[in-house]
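# Examining the three-dimensional arrangement
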Amino acid sequence: MNGALTYLWLALLKRRAFYLARSLRRPATLIGFAALAFLTGILFHYRRADAYSQLVRTESLIGGALLMLGGAVFKGFLQRGLVFEPPDIEFLFTSPFTQRQIIFYRFLPNYLFAVAQSLVFYLLFESHLKHPMLTTVCLMLFQIVCFHIAAGAAIFSGTLSEQAHYRCQGMLLCVYLIITLLYLRIAWDLHLVPSFVSSSLFQLLFYPAANLSDIGNAPIIGHWALHLVNTNPSVLSNVWQPVAWLIVFTLGAAISLGFVLRTRSDIFETALATTSRIAEKRLKVRQGRAVTAIIENELPSRTLPRLPLFHGVGAIIWKNLVIASRSRRDIILAAGFTLIYTGLLIALRVVLHRLMAEGGQLPERDLHDFDNGIACMLVGLVFFLQRSFAFDFRRDGQHLVGFRTLPVSALALAFAEISVPTLFCLAFQAIGVFALMLSGRFEWFLLLVMLLGFPAVALALNSVWNLHYLLAATKRAGGKAESASSVTILMVVALSFLVFYPAGWAAITVGRRVPGPICESVGFGVWLVVQYAVDFCLLLLLAKLFRRFEVSDEVQ
Amino acid sequence: MKDDAPVIQVEHFSKSYADFSAVRDLSFSVGTGEIVGLVGANGAGKTTTLRAITGILRPTAGTIQVGGYDIGQEPIAAKHQFAYIPDTIHPYDLLTVTEHLHFIALAYRIKDAERKYDALLDELELADKRNEIASSLSRGMLQKLSLACAFLREPRVVILDEPLTGLDPRGIRNIKESIRRRAASGTAFLLSSHLLVLVEALCDQVLILHRGQKMAFGSLEEIRKLATLHAEASLEDVFFAVTERNADSSPLAKAS
């Protein structure tokens, strides 16, 4: 590692830490940081709960490792070249550093991230692991291996032609899908592939290629997978085995680093193209512009709507709906994600109902809890979907100056801004509920909970994220065109969980004091009232923030 | 609408940011059909003044009325009176030119808005771009689009920050003619520009700001007299005479 590069990295790290600490003087950052600290505190406080031990079961850890590995390969492969910061191109690429030094410099933030993540893992899961220190170190090394693989894939894919890259993407996706299906079948007994696929007639279609059934039934793979999944943690208590694991992971990290550093391809040209592309994308995101280019310059204009709903502040809703109709890629991606997400929930429900039909006895209460769990997981869909529908302050951030001159109240404008993404989230959730109902009916009470509760959650999440978008937009309007750091995003994520804490706490407290079977209904009622009150407060905050927005730095 | 009041009435307006005073004790008014030019060096307080008039910035002191409505007390009524075109145009990337007009028509509840589209788009040479999305338009075209959005709502006053940036010569002439024609029919204009030739050619009154303070306000002839310059002195001569002679920032005796 070159001394100058070490100095540069340390100086930048120090400066970023300093600015982060200084930014805590701002109320918004302080609230975000407090939310993050609070959420971490809650997670740490309940670290001995049984749910944590489920997360570090061998099956879960292997699943997580598969996700990390797949993510690393795909991320790197799709990047087609290493990503640097734009100043790196100007200063590092033209300076007398070797390619190896620059690649290693590029890995330094990743190593720091791996260390930090492993530390959090150790603090949260230490009590549930037989060898906590060993597992933590292995996780850190595995994370490092994933970073190396991602970089290797990025460099390799940069050397491929457009056509070959496209073909490899498809092949990788197929291989990853097969591995995932295999994992789900062996680890969790989830048979997602329909039985007719393994029929002889169907297999003829794939002749002479190996098919899923062949792979799944191959003795060597079956034995290996069973051995891996059924490994008893007590086996690790032997002295040599922890050492062996450590050696394996250390060697993995060292060898993968060696492979990446020894690459003969020229990284600079592809890195330049990728960095420019990513920088442009970041700029577009920061300015709230569409990331994907519209190919057609000319489009048939929509007719002027006659609905009174779209007059006055409703014009913003109409505008956002038109933009949504032009953002088909975002909608299709969200639909695809919803399909995968609800598909998994449907599979769980189908498996349960199949087992019950085969004679498996499950108490009424457990079945009720299972459906509640499914509903909760469907609520979780909004956390992901919200990020897909950029038809709010995220895109309108650059129009704040114009919006301030609109003859509408700030509260109405704030509500109009979040209404379209909220509606989209609810529509996609509704599709999920209908799809789930195909695999079995829900209790009427649960349906009512979903009908009344989902809008409250969607409103809350959209409000919290829009607070962040609005703050970022005001900063941009004030000339501080910095993109949101990962720490900021983490703070918003923490806040988007904590925003449900008051309602949850109130519901549990009241529910416990009410005797008998109505406790659940009363608890839900309290939750609903408190959550809608919180939503309203968030909307008021959004409106107040919008009203207070000033372009203070552009003094002319 | 309060027709008897000046369209814009600024009284003792000041704006400070922490220790920095951007504008100090500024008073002026814009009457119906008047074209007032706001000139000053970078950092003189032009954009701050315009943004305070439009309600984007809150005054530290003083009052601002638009169309007789206090922008701080009755913001919605006041905002119906003006159209504001900022120095940097940010259109909606994914909306077409016509859809931008639709949006304004809906937001300001303009009746029979579509009947005005053709004339407006012809006037601003946007007729053949009506179905083009904003992201494909040039800087000049975007400027015209924002002018179309402003003119569609037929405001009592149009506030423009650097209105001719990015326009071609024909575009500049067309916009100047549009402004004059609308001013003749009673629309007031308050425009800020560094193009002193434009301000001289277009404006009835000139407000010269220097380091946040009003140095002069009145017609060019009035300011010439106050600055004791000859009758043929251009606005450029007047501007430098006023701002450089008053390096200590003491304003000239007010013309109005």
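Criteria and thresholds
- Residues numbered from 1 in each chain as written.
- Chains lettered and ligands numbered in written order.
- Predicted model: local features only at pLDDT ≥ 70, side-chain atom pairs only at ≥ 80, totals over all residues.
- Heavy atoms only, no water.
- Helix = DSSP H or I, 4+ residues; strand = E, 2+ residues; numbered from the N terminus.
- Contact = heavy atoms within 4.5 Å.
- Axes fitted to C-alpha atoms, helices over the stretch in contact; angles between N-to-C directions.
- Parallel < 35°, antiparallel > 145°, perpendicular 65-115°, else oblique.
- Left-handed = near helix turned anticlockwise from the far one by under 90°.
- Nonpolar A, V, L, I, M, F, W, Y, C, P; charged D, E, K, R; others polar.
- Salt bridge = Lys/Arg side-chain N within 4 Å of Asp/Glu carboxyl O.
- Buried < 20%, exposed > 50% of the residue type's maximum accessible area, 1.4 Å probe, protein only.
- Pairing = 2+ DSSP bridges.
- Expected span 1.5 Å × (residues − 1).
- Right-handed = clockwise from strand over helix to strand, strands pointing away.
- Patch = residues over 30% accessible without salt bridge, like charges linked within 9 Å, V, L, I, M, F, W, Y side chains within 5 Å.
- Areas by Shrake-Rupley, 256 points an atom, 1.4 Å probe, with all protein chains shown as cover.

What follows covers the environment of A:Leu92. Residues and elements named next belong to chain A. Mapped onto the elements, Leu 92 comes out in the loop between α5 (86–91) and α6 (99–125). Along the primary structure Leu 92 and Leu 5 are separated by 87 residues, whereas in three dimensions their C-alpha atoms are 8.7 Å apart. Those residues in contact with Leu 92 that sit more than four places away from it in its chain are Leu 5, Leu 8, Pro 87, Phe 97, Ile 102 and Tyr 105.

Next up on the list: the packing of helix α1 (residues 3–23) of chain A against α6(A). Residue and element names in this part refer to chain A. In the contact formed by α1 and α6, the axes pass within 10 Å of each other and the chain directions differ by 30°. Comparing their axes, α6 and α1 come out roughly parallel. Seen from above, α1 lies across α6 with right-handed handedness. Counted together, Leu 5, Leu 8, Trp 9, Leu 12 and Leu 13 of α1 and Gln 101, Ile 102, Tyr 105, Leu 108, Pro 109 and Leu 112 of α6 form the full contact between these two elements. Split by residue class, the contact of α1 with α6 holds 10 nonpolar, one polar and no charged.

Let's shift gears to the pattern of salt bridges. Tallying each qualifying case throughout the model produces 13 salt bridges over all chains. B:Glu99 is the salt-bridge partner of A:Arg326, the closest N and O atoms lying 2.7 Å from each other. Of this pair, A:Arg326 sits in the loop between α14 (314–325) and α15 (328–357) while B:Glu99 sits in helix α3 (residues 97–107), placing the two residues on different chains. When sorted by exposure, A:Arg326 lands in the same class as B:Glu99, which is buried. Via salt bridges that share partners, B:Glu123, B:Arg181 and B:Arg182 belong to a single interconnected network.

Moving on: the sheet that holds strand β2 (residues 20–30) of chain B. Residue and element names in this part refer to chain B. Taken together, the four strands give an open sheet; going across it, the order is β2-β1-β4-β5, and neighbouring strands pair in antiparallel fashion. Only two strands of the sheet have a single partner each, and these edge strands are β2 and β5 (69–70). As judged from the seven bridges shared by strand β1 (residues 8–17) and β2, these two strands associate in the antiparallel manner. Of the residues in β2, the one forming a bridge with Val 10 is Phe 28. Along the sheet, helix α1 (residues 46–53) contacts β1, β2 and β4 (61–66); its crossing angle with β1, the most-contacted strand, is approximately 120°.

Our next topic: helix α12 (residues 240–261) of chain A. Residue and element names in this part refer to chain A. Over its 22 residues, α12 runs 31 Å from end to end, which matches the ideal 32 Å to within 8%, given 1.5 Å per residue. Looking only at α12, the buried set comprises Gln 241, Pro 242, Ala 253, Ser 256, Leu 257, Val 260 and Leu 261. In this fold, the buried residues of α12 make contact with α6 and α7 (132–159).

With that settled, consider the pairing of strand β7 (residues 157–161) of chain B. All names here are of chain B. Within β7, five of the five residues are buried, which leaves it mostly tucked inside the rest of the structure. Along β7, one buried face is formed by Val 157, Ile 159 and Asp 161 and the opposite face, lined by Val 158 and Leu 160, is buried too. Of the pairings in the sheet, the one linking strand β6 (residues 82–85) to β7 comprises four bridges and is parallel in character. Across the sheet, Ala 83 pairs through a bridge with Val 158, a residue of β7. In this structure, β7 lies alongside strand β8 (residues 188–192), joined through five bridges in parallel fashion. Pairing of Val 158 across the sheet is with Phe 189, part of β8. The β-α-β motif built from β7, the intervening helix α6 (residues 169–184) and the parallel element β8 has right-handed crossover chirality.

Residue and element names in this part refer to chain A. A contiguous nonpolar surface patch, about 500 Å² in accessible area, is contributed by Val 243, Ile 247, Leu 251, Ile 255 and Phe 259. If you trace the backbone, Val 243 turns up in helix α12. In this structure Val 243 comes out as partly exposed when scored by relative accessible area, which is 44%.

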